[in-house]
Amino acid sequence: MPSTDVSGLSMLGSHTETAANPDDAVLEKVPSGHQGTDYVVRFTAPEFTSLCPMTGQPDFAHIVIDYIPSEWLVESKSLKLFLHSFRNHGAFHEDCSIYIAKRLVELLQPKWLRIGAYWYPRGGIPIDVFWQTGKPPEGVWLPDQGVQPYRGRG
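Residues numbered from 1 in each chain as written. Predicted model: local features only at pLDDT ≥ 70, side-chain atom pairs only at ≥ 80, totals over all residues. Heavy atoms only, no water.

### Regarding the layout of surface pockets
And step 1. Counted as a void, the largest pocket has a volume near 210 Å³.
And step 2. Along the walls of the largest pocket sit Phe43, Thr44, Ala45, Pro46, Glu47, Phe48, Thr49, Leu79, Lys80, Leu83, His84 and Arg87, which together make up its complete lining.
And step 3. Mapped onto the lining of the largest pocket, the elements with two or more residues apiece are β2 (41-51) and α1 (76-84).
And step 4. The element contributing the most residues to the lining of the largest pocket is β2, with 7 residues. (1 Å grid on protein atoms, 1.4 Å probe; cavity = no way out; pocket = protein on both sides within 12 Å on 5 of 7 lines; lining within 4 Å. Points joined across faces, edges and corners; volume = space filled by probe spheres on them. Helix = DSSP H or I, 4+ residues; strand = E, 2+ residues; numbered from the N terminus.)

### Re the sheet that holds β2
And step 1. Strand order in the open sheet formed by 4 strands is β2-β3-β5-β6, and the pairing between neighbours is antiparallel. Sheet topology places β2 and β6 (128-132) at the edges, where each strand pairs with a single neighbour. Here the average twist between neighbouring strands, direction ignored, is 15°.
And step 2. The sheet contact formed by β2 and strand β3 (residues 58-68) spans 9 bridges and is antiparallel. Within β3, the residue paired with Ser50 across the bridge is Asp59. (Pairing = 2+ DSSP bridges. Axes fitted to C-alpha atoms, helices over the stretch in contact; angles between N-to-C directions.)

### A look at the packing of aromatic side chains
And step 1. On inspection of all chains with the given rule, the structure shows 6 aromatic pairs.
And step 2. Each ring, one from Tyr118 and one from Phe130, has its centre 5.3 Å from the other, and the planes form 75°; the classification is edge-to-face. Here Tyr118, found in strand β5 (residues 112-119), pairs with Phe130, found in strand β6; they are 12 residues apart in sequence, far enough to count as distant.
And step 3. Overall, Tyr118 belongs to the buried group, its relative accessible area being 13%.
And step 4. One aromatic cluster in this structure is built from Phe48, Phe82, Phe86, Tyr99 and Trp119.
And step 5. The residue whose ring lies beneath Lys29 is Trp72, and the NZ or CZ to ring-centre distance is 4.3 Å. (Phe/Tyr/Trp six-rings, centres within 6.5 Å; stacked < 30°, edge-to-face > 60°. Buried < 20%, exposed > 50% of the residue type's maximum accessible area, 1.4 Å probe, protein only. Lys NZ or Arg CZ within 6 Å of the ring centre and 35° of its normal.)

### Overview of the side chain of Asp59
And step 1. Note that Asp59 resides in strand β3.
And step 2. A polar contact of 3.5 Å, which involves the side chain of Asp59, links it to the backbone nitrogen of Cys52.
And step 3. At 2.7 Å, the side chain of Asp59 forms a polar contact with the side chain of Arg122.
And step 4. Other than its neighbours up to four places away in sequence, Asp59 contacts Phe48, Thr49, Ser50, Leu51, Cys52, His93, Trp119 and Arg122. (Polar contact = N/O pair within 3.5 Å; in protein donor to acceptor, adjacent residues only side chain to side chain. Contact = heavy atoms within 4.5 Å.)

### Details of the nonpolar core
And step 1. Formed by 26 residues in total, the largest nonpolar core has its most connected members in Phe48, Ile63, Val74, Phe82, Ile100 and Leu104.
And step 2. Going through the elements one at a time, β2, β3, α1, α2 (93-108) and β5 are the ones with two or more residues in this core.
And step 3. Per element, the largest residue contribution to this core is 6 residues, and it comes from α2.
And step 4. When near neighbours in sequence (up to four residues on either side) are disregarded, Val74 contacts Leu27, Glu28, Lys29, Phe43, Tyr67, Leu79, Leu104, Leu107 and Leu108. (Core = buried A, V, L, I, M, F, W, Y, C linked by side-chain atoms within 4.5 Å.)

Spelled out as structure tokens, the structure:
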């Protein structure tokens with residue numbers, strides 16, 4: 001079993017403050033111990049929060065991030081703190097969702113990444129945002145994200 005090099009990490013195992021906004025949040029990575037093997041890593045954030053840039057009211061989402069690593073894995077504590085940094089940040093649903101995906105792509109340079117951001121309704125309609133870097137590699141088991149579409153009272 002390969003050992004993970006954690007020597008470059010600054011947050012793991014120590015007290016770390018949450019950044020005041022996503023631009024200041026630090027995302028860290030570790031080398032993948034299984035380079036050359038295509039597999040899917042899934043992160044689910046069922047209680048993601050940001051603020052509406054117009055009203056300052058909280059917006060909530062269930063976010064699912066799937067990626068196929070190349071050389072790097074995102075360190076999970078840094079990802080949690082990065083996602084938490086949106087709690088007092090005003091941005092539209094689309095901006096939050098795509099920004100998260102692009103920051104991860106920039107950091108990891110994965111073989112493939114997708115994000116499904118399932119936003120809870122405000123004003124009567126949900127706004128869901130989906131994006132991926134391209135087609136996933138052949139032969140990779142890629143389960144459905146498992147989030148039911150919003151059905152309201154129907």
